[in-house]
Protein chains: 6
Amino acid sequence: MKTALFPGSFDPIHNGHVDIVIRATSLFDRIIIGIGNNSSKQYLFPIDKRKRWIENIFKSFPSVSVQEYQGLTVDFCRKVQASFIVRGLRNGTDFQFERSIAQMNQSMDSAIETLFLPCKPELSAISSTIIRDIIRHGGSISLFVPDGIG
Amino acid sequence: MKTALFPGSFDPIHNGHVDIVIRATSLFDRIIIGIGNNSSKQYLFPIDKRKRWIENIFKSFPSVSVQEYQGLTVDFCRKVQASFIVRGLRNGTDFQFERSIAQMNQSMDSAIETLFLPCKPELSAISSTIIRDIIRHGGSISLFVPDGIG
Amino acid sequence: MKTALFPGSFDPIHNGHVDIVIRATSLFDRIIIGIGNNSSKQYLFPIDKRKRWIENIFKSFPSVSVQEYQGLTVDFCRKVQASFIVRGLRNGTDFQFERSIAQMNQSMDSAIETLFLPCKPELSAISSTIIRDIIRHGGSISLFVPDGIG
Amino acid sequence: MKTALFPGSFDPIHNGHVDIVIRATSLFDRIIIGIGNNSSKQYLFPIDKRKRWIENIFKSFPSVSVQEYQGLTVDFCRKVQASFIVRGLRNGTDFQFERSIAQMNQSMDSAIETLFLPCKPELSAISSTIIRDIIRHGGSISLFVPDGIG
Amino acid sequence: MKTALFPGSFDPIHNGHVDIVIRATSLFDRIIIGIGNNSSKQYLFPIDKRKRWIENIFKSFPSVSVQEYQGLTVDFCRKVQASFIVRGLRNGTDFQFERSIAQMNQSMDSAIETLFLPCKPELSAISSTIIRDIIRHGGSISLFVPDGIG
Amino acid sequence: MKTALFPGSFDPIHNGHVDIVIRATSLFDRIIIGIGNNSSKQYLFPIDKRKRWIENIFKSFPSVSVQEYQGLTVDFCRKVQASFIVRGLRNGTDFQFERSIAQMNQSMDSAIETLFLPCKPELSAISSTIIRDIIRHGGSISLFVPDGIG
């Protein structure tokens, strides 16, 4: 059984994330969306809300599930028996950052492979950072996130 | 009448900003320098000082004015009837970031176009972040900002 | 009167080019699409065809015209009294290349300013090089170029 | 059955290619190494040699096979029923180029997904271009290619 | 006597730093590892620990010494009579950032030259930021730092 | 004695090259400008002219000399006992390319170190490719090259 982890903060999840997960379902038997919860980090939305939103979005996708995790991503991979990490790439700056993370993860556990999917062009500008910024400035984020979020 | 917004924090304004605005005056009938004021952000210089500096620098440029704004940049564009946003580009990392912002803004209001001017090479290393760093370390910033700032 | 040059080989013109020109019409009184004709370069399509296609596409845009030119782009700018060069940017690699050209042009004539428009995300993968490649492999380019081209 | 195409010129195949294919075997039931043969292109090694080398390298990998193809990559994907294209990424410049190709391919056939694997750091400098250059200058390429090549 | 400064926070020093310093010893008569200490910044490790670690690592390198400094890097260069600043480059994003700093430093003191060494590929993913992240998540950093650190 | 090689085609040498060599003289006892001569490549200027120009430019720099070479750069380094290769970096695309070459060279001879100097901003747009292009279009290159070239 091929299991992949799609890790992130998902503060909040947006259309770019959703697209990557759906496209990845054709590749994997099981996809776990792992919400990394870092006690030293400030989130805009509480973990429960972030988790419930994701569960709702993917409730019709039996191979997709959500879990919260703490600690290292590679440790969580081993715990859930995921041999693959999936990440979307928006641009070249993204790639340089993600490659370092992938390389460090592979140093820590050579059995874990990171795969990249290029974001769809019309979704490649969306980031949770920009979305939180729009929320703080009182704008509408409905174009960038699934229904019911925010 | 062609109106452009040149948005930023201008904490403080520097020679790179000034060059972009002056070059943009040949393109637009009216340029509004919009000082985004974000209550959750810490600034080194108070908004009044940042605004007064800019007013002084451009007092001989009748088409250039300064305004403070809160909220989304696209909302402010509509308020001041600016159809264009002007941004300087220093390097490839800049471009990847600015393109996302431009694309998000166009999603929110398709009538607003973002234009990029390449920074002059001899000014392309200057950033407000580095200038604030020099100030904190007790260095002189006179090479990088117009007279009277800092 | 604000005149801009949009220079290129246009071998052939594609939807990405067309979008940049149309968006630029809101900024300039006159846009000249300049087909650089370099005797040492091999083109897939003859200059007459490339020119006729562009004329057809923009026949309902009175401010847009087409001209062939040889020699330096800055010399042609002076000849047609264009103070601006307009270029689309697809990605960070593009930017690094285009910035060098813009900087060299400004060294040769400081009165000529280069403006960049970010390509629309859904058009940012299209290039004449890839289109010629599709043609050589017998594929259809109709998704990427205006009607009647190829 | 999940089938992936790993397309390229393989002029010649090198250790970076081999690593990507082997890592991809854990993801796919079948991997077809597709040698694109472009009549207008000059190759250093004849197609028969390039093909035989690859067959030898992967003879102990039952899920890996080699085929020559002409025409568009998406057409060849349909012919061999591959829903995935796999590519290695060496650096940010690579990504910007590969993303355009992936996006064009998806425009031509939305059922075809491109996946990227980051090259192992110690292999990320190797390219067929540099290898051909070393050969032309009389150097040894044995560090960069499997035994028996060159 | 050729003296170079290798500036940084070293919070903590890692194998990538160590490799750059050792490679630089073949170029310079004296290398000063300068620990920039910024009162407004939060460090994971106290300055004394950071300094002692570095002293231990390089105790068998007579040309390498460690000093703490505050204030501008160019001022510290003048104080210790270093005409060169040495920096490692991991990737293109790094370069764009480091070039700006180098350019600003040269504006402030034209006698100070910045040299870049490319990080070894197998070390190019390591950063102090990622290492601190691993520590916070309870992981082992022993692969990425010299013995005795963390 | 510290010897560095500054390799290139120098077709023709330009102000960007000259600046790097002069700045490198403060670091090395001997700098050899190596003109790589590749029989399969077409040059605009014959090797004798390229060599004579460089000799003239650096005739007052006793530590700088010029040699033509064929074959691999690392082989030439060994022949002239150069332990260092010096290269200028103009932008991030440059860096990604140069890093691969440096890494391949170090694989072939681990004793050879490549150093990068960032080009001065006002010289960072100049390339021999653009200069040859200006020449072909009948433009003047006097701004970009030392006196007497072209």
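Conventions adopted
- Residues numbered from 1 in each chain as written.
- Chains lettered and ligands numbered in written order.
- Predicted model: local features only at pLDDT ≥ 70, side-chain atom pairs only at ≥ 80, totals over all residues.
- Heavy atoms only, no water.
- Helix = DSSP H or I, 4+ residues; strand = E, 2+ residues; numbered from the N terminus.
- Contact = heavy atoms within 4.5 Å.
- Areas by Shrake-Rupley, 256 points an atom, 1.4 Å probe, with all protein chains shown as cover.
- Lys, Arg positive; Asp, Glu negative; His and termini not counted.
- Charge placed at Lys NZ, Arg CZ, Asp CG, Glu CD.
- Buried area = accessible area lost by both parts, 1.4 Å probe.
- Salt bridge = Lys/Arg side-chain N within 4 Å of Asp/Glu carboxyl O.
- Polar contact = N/O pair within 3.5 Å; in protein donor to acceptor, adjacent residues only side chain to side chain.
- Nonpolar A, V, L, I, M, F, W, Y, C, P; charged D, E, K, R; others polar.
- Least-squares fit on C-alpha atoms with pLDDT ≥ 70 in both.
- Phe/Tyr/Trp six-rings, centres within 6.5 Å; stacked < 30°, edge-to-face > 60°.
- Buried < 20%, exposed > 50% of the residue type's maximum accessible area, 1.4 Å probe, protein only.
- Lys NZ or Arg CZ within 6 Å of the ring centre and 35° of its normal.
- Arc of directions from axis to C-beta.
- Pairing = 2+ DSSP bridges.
- Right-handed = clockwise from strand over helix to strand, strands pointing away.
- pLDDT = per-residue confidence, 0-100.

## Quick word on the overall build of chain A
Each helix and strand counted, chain A has five helices and five strands in total. The secondary structure elements of chain A, listed N-terminal to C-terminal, are β-α-β-α-β-α-β-α-β-α. For chain A, the spread of C-alpha atoms along the principal axes amounts to about 45 × 35 × 35 Å. Put simply, 77% of the contacts in chain A that link residues at least 6 apart link residues at least 24 apart. Counting only carbon and sulfur atoms, one obtains 47% of the accessible surface of chain A, whose full area is about 6200 Å². A distance of 2 Å separates the average location of the 17 positive side-chain charges in chain A from that of its 14 negative side-chain charges.

## Side note on the interface of chain A and chain D
Contacts between the two partners involve 22 residues from chain A and, on the opposite side, 22 residues from chain D. When chain A packs against chain D, the two sides together hide about 2000 Å² of surface, and 64% of this comes from carbon and sulfur. When the buried surface of chain A facing chain D is broken down by residue, A:Leu27, A:Phe95 and A:Pro118 rank first, second and third, together holding 23% of it. Between D:Glu113 and A:Arg23 there is a salt bridge, with its nearest N and O atoms 2.6 Å apart. Linking chain A with chain D are five residue pairs in polar contact (both at pLDDT 80 or more), by the criterion used here. Looking at the side of chain A that touches chain D, the elements that each hand over two or more residues are strand 4 (84–89), helix 4 (92–108) and strand 5 (113–118) of chain A. Taken together, the residues of the side of chain A that touches chain D break down into eleven nonpolar, six polar and five charged.

## Concerning the pattern of salt bridges
Evaluation of the coordinates by the stated rule reveals 60 salt bridges over all chains. The closest approach of N and O atoms between B:Arg132 and B:Asp11, which form a salt bridge, is 3.8 Å. Placement of B:Arg132 in helix 5 (residues 128–136) and of B:Asp11 in the loop between strand 1 (3–8) and helix 1 (15–24) is noted, with a sequence separation of 121 residues between them. For C:Asp109, the salt bridge identified is with C:Arg78, shortest N-O distance 2.7 Å. Here C:Asp109, found in the loop between helix 4 (92–108) and strand 5 (113–118), pairs with C:Arg78, found in helix 3 (residues 73–79); they are 31 residues apart in sequence, far enough to count as distant. Beyond isolated ion pairs, a larger network of salt bridges with shared partners links A:Asp19, A:Arg23, A:Lys120 and D:Glu113.

## Points about the relation of the copies chain A and chain D
When chain A is fitted to chain D, the best match, at an RMSD of 0.0 Å, comes from turning it 180° and sliding it 0.0 Å along the axis. What the rotation and shift describe, once combined, is the action of a two-fold rotation axis. Mapped onto chain D, 100% of the interface residues of chain A again fall at the interface, so both copies present the same surface.

## Structural notes on the packing of aromatic side chains
Considering all chains together, one arrives at 39 aromatic pairs over all chains under this definition. The interplanar angle of 80° and the centroid separation of 6.2 Å between the aromatic rings of C:Phe95 and C:Phe116 together place this pair among those described as edge-to-face. Of the two residues, C:Phe95 is situated in helix 4 and C:Phe116 in strand 5; the sequence distance between them amounts to 21 residues. Per residue, the accessibility class of C:Phe95 equals that of C:Phe116, and both read buried. One aromatic cluster in this structure is built from A:Phe95, A:Phe116, D:Phe95 and D:Phe116. Between the NZ or CZ atom of A:Arg50 and the centre of the ring of A:Tyr43, over which it lies, the distance is 4.0 Å.

## Considering the interface of chain C and chain D
Each partner contributes to the interface: chain C provides 15 residues, whereas chain D provides 13 residues. Of the roughly 1200 Å² buried between chain C and chain D, counting both surfaces, carbon and sulfur atoms make up 65%. On the chain C side of the contact with chain D, C:Ala125, C:Ile130 and C:His137 bury the most area, a combined 40% of that side's loss. The interface formed by chain C and chain D includes zero salt bridges. For the pair chain C and chain D, the number of links is two residue pairs in polar contact (both at pLDDT 80 or more). Among the secondary structure elements, those contributing two or more residues to the side of chain C that touches chain D are helix 4 and helix 5 (128–136) of chain C. Examining the composition of the side of chain C that touches chain D, we find that three residues originate from one element, helix 5 of chain C, more than from any other. A per-class count over the side of chain C that touches chain D returns seven nonpolar, six polar and two charged.

## Looking at the relation of the copies chain C and chain D
The operation relating chain C to chain D is a screw motion whose rotation component is 120°, with 0.0 Å of axial translation and a residual RMSD of 0.0 Å. Considering both components of the superposition, the chain copies are consistent with a three-fold axis. Among all residues of chain C, the minimum C-alpha distance to the rotation axis is found for C:Thr93, at 3.7 Å. Each copy contacts the other with its own distinct surface, as only 7% of the interface residues of chain C are interface residues in chain D too.

## A look at helix 5 of chain C
All buried positions along helix 5 of chain C are accounted for by C:Ser128, C:Ile130, C:Ile131, C:Arg132 and C:Ile134. Buried residues belonging to helix 5 of chain C abut helix 1 (15–24) of chain C together with helix 4 (92–108) of chain D. Downstream of helix 5 of chain C by one or two residues, C:Gly138 has phi in the positive range, about 80°.

## Comments concerning helix 2 (residues 47–57) of chain C
Residue and element names in this part refer to chain C. Buried within helix 2 are the following residues: Ile47, Arg50, Trp53 and Ile54. Seen along its axis, helix 2 keeps its buried residues to an arc of 135°; they face one direction. Buried residues along helix 2 sit against strand 2 (30–36) and strand 3 (64–69).

## Topic: the environment of D:Leu44
All names here are of chain D. Its place among the elements puts Leu44 in the loop between strand 2 (30–36) and helix 2 (47–57). Here Leu44 falls in the partly exposed class, since its relative accessible area comes to 35%. Taking the C-alpha atoms as reference, Leu44 lies 9.9 Å from Gly150; in sequence the two are 106 residues apart. When residues no more than four places from it in sequence are discounted, the contact partners of Leu44 are Asp11, Arg132 and Ile135.

## Description of the pairing of strand 5 (residues 113–118) of chain F
Residues and elements named next belong to chain F. Counting buried positions along strand 5 yields six of six residues, so the element is predominantly enclosed. Going residue by residue along strand 5, you find Glu113, Leu115 and Leu117 tucked away on one face and Thr114, Phe116 and Pro118 tucked away on the opposite face as well. Bridge count between strand 4 (residues 84–89) and strand 5: six bridges; the pairing is parallel. In the strand pairing of strand 5, Ile85 is matched with Thr114. Chirality of the crossover, the property in question, places the unit of strand 4, helix 4 (residues 92–108) and strand 5 among those that are right-handed.

## Thoughts on the environment of D:Cys119
Residue and element names in this part refer to chain D. Among the structural elements, Cys119 can be located in the loop between strand 5 (113–118) and helix 5 (128–136). Its relative accessible area of 12% is what places Cys119 among the buried residues. Sequence separation between Cys119 and Arg87 is 32 residues; the distance between their C-alpha atoms is 9.4 Å.

## A look at the pairing of strand 3 (residues 64–69) of chain A
All names here are of chain A. In this sheet, strand 3 lies alongside strand 2 (residues 30–36) in parallel orientation, the contact comprising six bridges. If you follow Ile32 over to strand 3, its bridge partner there is Ser65. In this fold, strand 2 hands off to helix 2 (residues 47–57), which returns the chain to strand 3; that crossover is right-handed.

## Describing the confidence of the model for chain A
Averaged over all residues, the pLDDT of chain A is 95; the fraction at 70 or higher stands at 100%. Both scores are available for the predicted complex, with the pTM at 0.94 and the ipTM at 0.94.

## Brief notes about unusual backbone geometry
In this structure, the amide linkage connecting C:Asp11 to the following residue, C:Pro12, adopts the cis form with an omega of 0°. With a phi angle near 55°, B:Phe10 is a residue other than glycine that sits in the positive phi range. Note on placement: B:Phe10 falls in the loop between strand 1 and helix 1. Classification of B:Phe10 by relative accessible area gives buried; the value is 2%.

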